[in-house]
Amino acid sequence: LFDATAISLGAIIGAGIFIVTGIVAGLAGPSVIVSIVIAGVIASFTALNFAQLSAYMPREGGGYEFTYRLISPYAGFVAGWMWVFSNVFTGAAVSLGFAQYLMTLFPFPLLPVNVVAAVFCFAFTLLNYVGVRQSAMVNNALVVAKISILLFFIALGLSFIHISNFEPFMPRGLSGVFEGAALIFFAYGGYARVTTVAEEVKDASRTIPRAIVLALAISTVLYVFISFIAMGLVGSQSLAASDSPLADAIGVTGNAAAVFVVSLGAMIATASVLLMTILGMSRMTFAMARNGQLPTFLSWIHLRFHTPKYAVWATGALS
């Protein structure tokens with residue numbers, strides 16, 4: 001259950017919460033907290049559907065398999081192909097983001113960002129090739145690290161908040177709250193990622209639904225507390241004007257080490273999203289190939305590592 005929950009948390013808690021918080025603060029003001037709760041409730045509708053479907057049909061490929069089996073093979077192909085295609089670009093964008101964070105914190109002379117991004121994309125592809133257990137272990141470490149950093153942000157910032165930063169609470173009324181909810185929904189993407197590896201999860205019909213609900217609940221609680229602390233530290237205008245709102249917010253404590261740690265958290269969060277993106281893409285591709293909707297060789301399993309070897313390399317290479 002821990003591994004399965006961490007897979008979804010690895011896909012959910014990414015750079016979104018480190019960046020989107022500032023954008024949403026510009027729309028909703030202090031009521032960004034309400035926006036986060038609304039987005040979480042809306043995400044739960046789909047999450048509970050995925051939980052029920054995965055209990056009924058715990059098959060590799062998740063949403064693709066549900067669509068293929070329950071609607072039609074054509075609808076499944078469209079859904080699966082759209083998911084793989086979009087995640088190829090997500091993998092590329094996330095690897096570039098990771099490289100940018102890495103080179104900002106630890107400057108590497110003479111190395112272009114895109115080269116660093118490609119190297120780490122290759123490294124995570126290799127990790128996925130070696131085995132899901134190894135990928136899960138690394139992801140577990142990354143998830144524990146980034147949640148620990150977010151809890152550190154909450155604990156340190158709690159003593160520095162100013163209640164005056166929450167006035168007016170709803171500067172743009174309900175329209176701002178719902179616009180903020182629409183954008184913060186971006187930070188919830190990935191709660192059903194564990195369904196793509198359903199056949200590799202022990203007792204999947206019980207474990208996966210629990211993992212989905214746990215991942216969504218944990219991320220929602222974290223997001224509410226993080227937005228509350230960030231708003232209390234610097235207010236909505238400062239958050240909206242920042243490219244790195246959480247790092248700038250914790251900066252008001254005057255603790256340079258804390259700024260570095262929070263920035264490191266953004267890099268770690270991006271790394272785990274990249275790892276889980278490649279994992280999900282390879283399994284979705286495998287499921288489509290097994291159903292004859294992509295070339296058959298993409299469904300071949302490595303005899304030693306028990307991973308879809310060509311699907312892993314194909315999707316990782318595309319990113």
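Throughout, a residue's number is its position along its own chain's written sequence, starting from 1. In view of the model being predicted, local features appear only for residues whose pLDDT reaches at least 70, and side-chain atom pairs are presented and counted only at 80 or more, with totals across whole chains, interfaces and linings using the full set of residues. With hydrogens and water excluded, all non-hydrogen atoms of the structure serve as input to the side-chain values.

(A) Just the side chain of H302, in detail. When you line up the elements, H302 lands in the loop between α11 (256-290) and α12 (309-318). Residue class for H302 comes out buried when judged on its relative accessible area of 16%. Setting aside its immediate chain neighbours within four residues, H302 contacts Y129, T307 and K309. Secondary structure elements follow DSSP: runs of H or I no shorter than four residues count as helices, runs of E no shorter than two count as strands, and numbering proceeds from the N terminus. Think of it in three bands: with a 1.4 Å probe and only protein chains considered, a residue is buried below 20% of the maximum accessible area for its type, exposed above 50%, and partly exposed in between. Whether two residues touch is decided by their heavy atoms; if any such pair falls within 4.5 Å, the residues are in contact.

(B) Fine view of the packing of aromatic side chains. Two rings from Phe, Tyr or Trp (for Trp, the six-membered ring) form a pair when their centres are within 6.5 Å of each other. A pair whose planes differ by under 30 degrees is stacked, one over 60 is edge-to-face, and the rest are tilted. Evaluated as defined, the whole model comprises 14 aromatic pairs. For the pair F122 and W313, a centre-to-centre distance of 5.6 Å together with 35 degrees between the ring planes defines the contact as tilted. In this pair, F122 sits in helix α6 (residues 113-130) while W313 sits in helix α12, placing the two residues 191 residues apart along the sequence. An angle of 70 degrees between the planes, with centres 5.5 Å apart, marks the rings of Y129 and F305 as edge-to-face. One end of the pair, Y129, is in helix α6; the other, F305, is in the loop between α11 and α12, and 176 residues separate them in sequence. Since its relative accessible area comes to 22%, F305 is described here as partly exposed. An aromatic cluster is built from F122, Y129, F305 and W313, whose rings are joined through pairwise contacts.

(C) Representation of the pattern of salt bridges within the structure. Whenever Lys or Arg places a side-chain nitrogen within 4 Å of a carboxyl oxygen from Asp or Glu, that contact is recorded as a salt bridge. What the rule picks out here adds up to eight salt bridges. Note that R133 and D3 form a salt bridge whose closest N and O atoms lie 2.8 Å from each other. Placement of R133 in helix α7 (residues 132-157) and of D3 in helix α1 (residues 2-12) is noted, with a sequence separation of 130 residues between them. A relative accessible area of 44% means that R133 is categorised as partly exposed. Two residues, R206 and D203, come together in a salt bridge whose shortest N-O distance is 3.0 Å. Judged by its relative accessible area of 41%, D203 falls in the partly exposed class. Taken together, the salt bridges that share partners define one network made up of R59, E65 and R69.

(D) Layout of the environment of G189. The topology assignment puts G189 in the loop between α8 (173-184) and α9 (204-240). On the basis of relative accessible area, G189 is assigned to the partly exposed category, the value being 37%. Along the chain, G189 and I13 lie 176 residues apart, while their C-alpha atoms are 8.6 Å from each other. Dropping the residues within four chain positions of it, G189 is found in contact with A11 and I12.

(E) View of α8. Here the expected length of a helix is defined as 1.5 Å per residue gap, with one fewer gap than residues. End to end, α8 covers 17 Å across 12 residues, agreeing with the expected 16 Å (1.5 Å per residue, within 8%). Taken together, the buried positions of α8 are G176, V177, G180, A181 and I184. Viewed along the axis of α8, the buried residues span an arc of 140 degrees, placing them on a single side of the element. Turned more than 90 degrees off the buried face of α8, the exposed positions are L174 and A182. To obtain the arc, one takes the directions from the helix axis to the C-beta atoms.

(F) Region of the structure containing the nonpolar core. Counting 91 residues, the largest nonpolar core has I13 and F153 as the members making the most contacts within it. The element contributing the most residues to this core is α11, with 18 residues. In contact with F153, other than residues within four places in its own chain, are I226, I229, A230, L233, L246, A249, I250 and V262. In this description, a nonpolar core means a group of buried Ala, Val, Leu, Ile, Met, Phe, Trp, Tyr and Cys residues linked to one another through side-chain atoms lying within 4.5 Å.

(G) Quick look at the environment of A6. Here A6 is to be found in helix α1. Relative accessible area serves as the criterion here: at 3%, A6 is assigned to the buried category. For A6 and S272, which are 266 residues apart along the polypeptide, the C-alpha to C-alpha distance reads 9.7 Å. Other than its neighbours up to four places away in sequence, A6 contacts N139, N140 and V143.

(H) Quick peek at the layout of surface pockets. Cavity means a closed set of points on a 1 Å grid over the protein atoms alone, one where a 1.4 Å probe fits but cannot get out, pocket means an open set with protein on both sides within 12 Å along at least 5 of 7 lines, and lining means a residue has an atom within 4 Å of a point. Grid points are joined across faces, edges and corners, and a volume is the space filled by probe spheres set on the points. Approximately 1,100 Å³ is the volume attributed to the largest pocket. Forming the boundary of the largest pocket are 47 residues, of which A11, T90, F186, G189 and V273 lie nearest the centre. Put simply, the parts of the chain that give the lining of the largest pocket at least two residues each are α1, α2 (15-28), α3 (32-56), α4 (63-70), α5 (73-105), α10 (245-251) and α11. Among the elements that make up the lining of the largest pocket, the one with the highest residue count is α5 (11 residues). Think of it as three bins: nonpolar holds Ala, Val, Leu, Ile, Met, Phe, Trp, Tyr, Cys and Pro, charged holds Asp, Glu, Lys and Arg, and polar takes everything else, Gly as well. Split by residue class, the lining of the largest pocket holds 26 nonpolar, 19 polar and two charged. Estimated volume of the second largest pocket: approximately 280 Å³. For the lining of the second largest pocket, the secondary-structure elements that each account for two or more residues are α1 and α7. Grouping the constituent residues of the lining of the second largest pocket by class yields seven nonpolar, one polar and four charged.

(I) Up close: the side chain of T67. Within the fold, T67 resides in helix α4. In this structure the side chain of T67 is engaged in a polar contact, spanning 2.8 Å, whose partner is the backbone oxygen of G63. N or O atoms within 3.5 Å of each other form a polar contact, as long as, within protein, one can give a hydrogen and the other can take it, and as long as residues adjacent in sequence are counted only when both atoms are side-chain atoms.

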